[in-house]
Amino acid sequence: PLTKPQVRVAQLSENVHRADLQDAEKWKAFAELLALNPGWTNKDLATHLHLSEPTVTKYLSPSRCVPEVQSAMEAGALGITDVYTISRAEPDQQ
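Calculation criteria
Residues numbered from 1 in each chain as written. Predicted model: local features only at pLDDT ≥ 70, side-chain atom pairs only at ≥ 80, totals over all residues. Heavy atoms only, no water. Helix = DSSP H or I, 4+ residues; strand = E, 2+ residues; numbered from the N terminus. Rg over C-alpha atoms; globule rule 2.2 N^0.38 Å. Buried < 20%, exposed > 50% of the residue type's maximum accessible area, 1.4 Å probe, protein only. Contact = heavy atoms within 4.5 Å. Areas by Shrake-Rupley, 256 points an atom, 1.4 Å probe, with all protein chains shown as cover. Phe/Tyr/Trp six-rings, centres within 6.5 Å; stacked < 30°, edge-to-face > 60°. Core = buried A, V, L, I, M, F, W, Y, C linked by side-chain atoms within 4.5 Å. Expected span 1.5 Å × (residues − 1). Arc of directions from axis to C-beta.

### A word on the overall build of the protein
Here is step 1 of the chain: The helix and strand tally for the protein stands at 6 helices and 0 strands.
Here is step 2 of the chain: Helices and strands in the protein line up, N terminus first, as α-α-α-α-α-α.
Here is step 3 of the chain: Its C-alpha atoms give the protein a radius of gyration of 14 Å, within 12% of the compact-globule value 12 Å for 94 residues.
Here is step 4 of the chain: Classification of the 94 residues of the protein by burial places 31% in the buried group.
Here is step 5 of the chain: Counted over contacts in the protein with a minimum sequence separation of 6, partners at least 24 positions apart contribute 43%.
Here is step 6 of the chain: Of the roughly 5900 Å² of accessible surface on the protein, 53% is carried by carbon and sulfur atoms.

### A word on the packing of aromatic side chains
Here is step 1 of the chain: Tallied over the full model, the rule gives 1 aromatic pair.
Here is step 2 of the chain: Plain terms: the ring middles of F30 and Y59 are 5.6 Å apart, the flat faces sit at 55° to each other, and that makes the pair tilted. A residue pair is termed long-range when its members are at least 10 positions apart, and F30 in helix α2 (residues 23-36) and Y59 in helix α4 (residues 53-60) qualify at 29 residues.
Here is step 3 of the chain: F30 sits in the buried class, given a relative accessible area of 1%.
Here is step 4 of the chain: A relative accessible area of 12% means that Y59 is categorised as buried.

### As for the nonpolar core
Generally speaking, nonpolar side chains in soluble globular proteins are found buried as a group.
Here is step 1 of the chain: One finds F30, L33, L45, L49, V56, L60 and M73 to be the most contacted residues of the largest nonpolar core, which totals 21 residues.
Here is step 2 of the chain: Listing elements by their share of this core, those giving two or more residues are α1 (4-15), α2, α3 (42-49), α4, α5 (67-74) and α6 (80-87).
Here is step 3 of the chain: Here this core takes 6 residues from α2, the largest share from any one element.
Here is step 4 of the chain: Once residues within four sequence positions are removed from consideration, L49 is found in contact with S13, V16, H17, F30 and L33.

### Brief notes about the environment of A29
Here is step 1 of the chain: Position of A29 relative to the elements: it lies in helix α2.
Here is step 2 of the chain: The sequence separation of A29 and E14 amounts to 15 residues, and the corresponding C-alpha distance is 10 Å.
Here is step 3 of the chain: With sequence-adjacent residues up to four places away left out, A29 is seen in contact with L12 and V16.

### Focus: α1
Here is step 1 of the chain: Counted at 1.5 Å a residue, the expected span for α1 with its 12 residues is 16 Å, and the 16 Å between its end C-alpha atoms agrees.
Here is step 2 of the chain: Those residues of α1 not exposed but buried are V9, L12 and S13. With its buried residues spanning 100° around the axis, α1 presents them on a single face. Exposed side of α1, more than 90 degrees from the buried face: K4 and E14 are the residues found there.
Here is step 3 of the chain: Tucked inside the fold, the buried residues of α1 contact α2 and α3.

What follows is the structure, encoded as structure tokens:
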């Protein structure tokens, strides 16, 4: 039988491909998948999800942002492309 973390990995892996998933939900799912697999790199996650590494990097970009940017994305005020651009700035410039 699968362990609880293995079940969660399977659930998240399936869910990230749903069309109705919001950007913030994808970010949290990608981040949780990395947390559940501490040895994984973005490339490993991309391979597991059958996505490109740049796509994974973009969806993990909110983790490099200040909380205000993350909140704006969660509220739908910012899309993932905007958040990715913001994430490339230093925190005091976000």
